[in-house]
Amino acid sequence: MRYLGGVIATVLALSPVSASAAELRITLPELANALQSVMGDAKLHLNNTPGGFLSGNSGSTWTIAGKTTAIPLPPKSFQLLGSTYAYHVKDLNSKSIAVSAAPPALRLTLTFEDKAAELKGSCVAGDCGLVSALPKIIWKNGTVTIDVAPVRLGASLALEVKSVSIGGLLSARCDPAGLFSQSACALALTWAKRTIANLKPDIAAKLKAKVNDPATQAAVAEGLKPYLAVGPAGAIAITDVRNDAKSVIVVFQFAGAAGG
């Protein structure tokens with residue numbers, strides 16, 4: 001057995017080309033432990049309320065492996081009785097991330113703050129006659145689950161997102177006072193439910209694109225490098241990555257033998 005910066009890997013075979021080339025098998029739980037250290041500070045911030053920079057609204061962002069990037073998340077808008085209304089997510093933050101083995105991949109699970117999030121309804125254009133009667137949309141126990149597979153990035157190890165799913169209960173309800181407000185809210189309830197139906201896949205698609213973009217991939221690869229060093233021999237240069245049901249097989253050369 002050899003220890004790769006805390007990750008245990010079994011040497012399977014030496015390459016016939018060079019004594020410095022070999023294959024390593026890293027079990028998915030071992031790799032998950034290393035990735036937990038790299039991604040322990042990962043954060044997801046969702047906010048698309050109107051107002052821009054001067055209002056203090058920072059927009060939605062994703063922080064992973066120490067790198068923060070913006071996530072474009074347009075509000076969900078609809079037209080009703082000649083006016084345009086929209087629902088916005090305001091200052092919803094993840095509180096933790098857990099990395100686990102989910103054969104044949106790894107799973108990142110982000111959990112949001114304990115408090116329920118409320119999507120705010122607003123008027124974008126028109127006479128805005130129904131804005132005070134818009135249904136409330138509540139998101140309870142929000143989670144984001146990201147399944148990733150190890151891949152080679154240059155001479156390093158990175159992650160490719162296979163799927164993203166958004167968990168938690170999204171519900172719309174009417175609780176305004178007055179007969180007119182109740183009737184108006186019931187009229188808008190269909191649109192609120194459509195917002196719910198579209199919100200989860202929209203967030204999932206945006207996150208998948210961001211985690212798979214080159215800058216994020218490079219940040220993850222850089223973060224994993226210290227965990228892929230073979231004792232005094234130092235850094236390795238990865239030439240291939242293969243997966244099976246329980247582990248990741250890394251084909252490598254020592255960095256010096258691979259030309260740096």
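Residues numbered from 1 in each chain as written. Predicted model: local features only at pLDDT ≥ 70, side-chain atom pairs only at ≥ 80, totals over all residues. Heavy atoms only, no water.

(A) A look at the environment of Gly-142. Secondary-structure assignment places Gly-142 in strand β12 (residues 136-153). We classify Gly-142 as buried; its relative accessible area is 7%. With 24 residues separating them along the chain, Gly-142 and Ile-166 place their C-alpha atoms 7.3 Å apart. The contact partners of Gly-142, leaving out residues within four places of it in the chain, are Leu-110, Thr-111, Phe-112, Gly-167 and Gly-168. (Helix = DSSP H or I, 4+ residues; strand = E, 2+ residues; numbered from the N terminus. Buried < 20%, exposed > 50% of the residue type's maximum accessible area, 1.4 Å probe, protein only. Contact = heavy atoms within 4.5 Å.)

(B) Local environment of the packing of aromatic side chains. Taken as a whole, this structure holds four aromatic pairs when the rule is applied. A centroid spacing of 5.7 Å and a plane angle of 5 degrees characterise the contact between Phe-78 and Trp-191, whose relative ring orientation is stacked. Residue Phe-78 is found in strand β7 (residues 76-80), and its partner Trp-191 is found in helix α2 (residues 179-211); the two are separated by 113 residues along the sequence. By relative accessible area, which is 5% here, Phe-78 ends up buried. A relative accessible area of 27% means that Trp-191 is categorised as partly exposed. Ring geometry for Phe-112 against Trp-139: centres 5.4 Å apart, planes inclined by 50 degrees, an arrangement best described as tilted. You can see Phe-112 sitting in strand β10 (residues 105-112) and its partner Trp-139 sitting in strand β12, a full 27 residues away along the chain. By the burial criterion, Phe-112 is buried, and Trp-139 matches it. (Phe/Tyr/Trp six-rings, centres within 6.5 Å; stacked < 30°, edge-to-face > 60°.)

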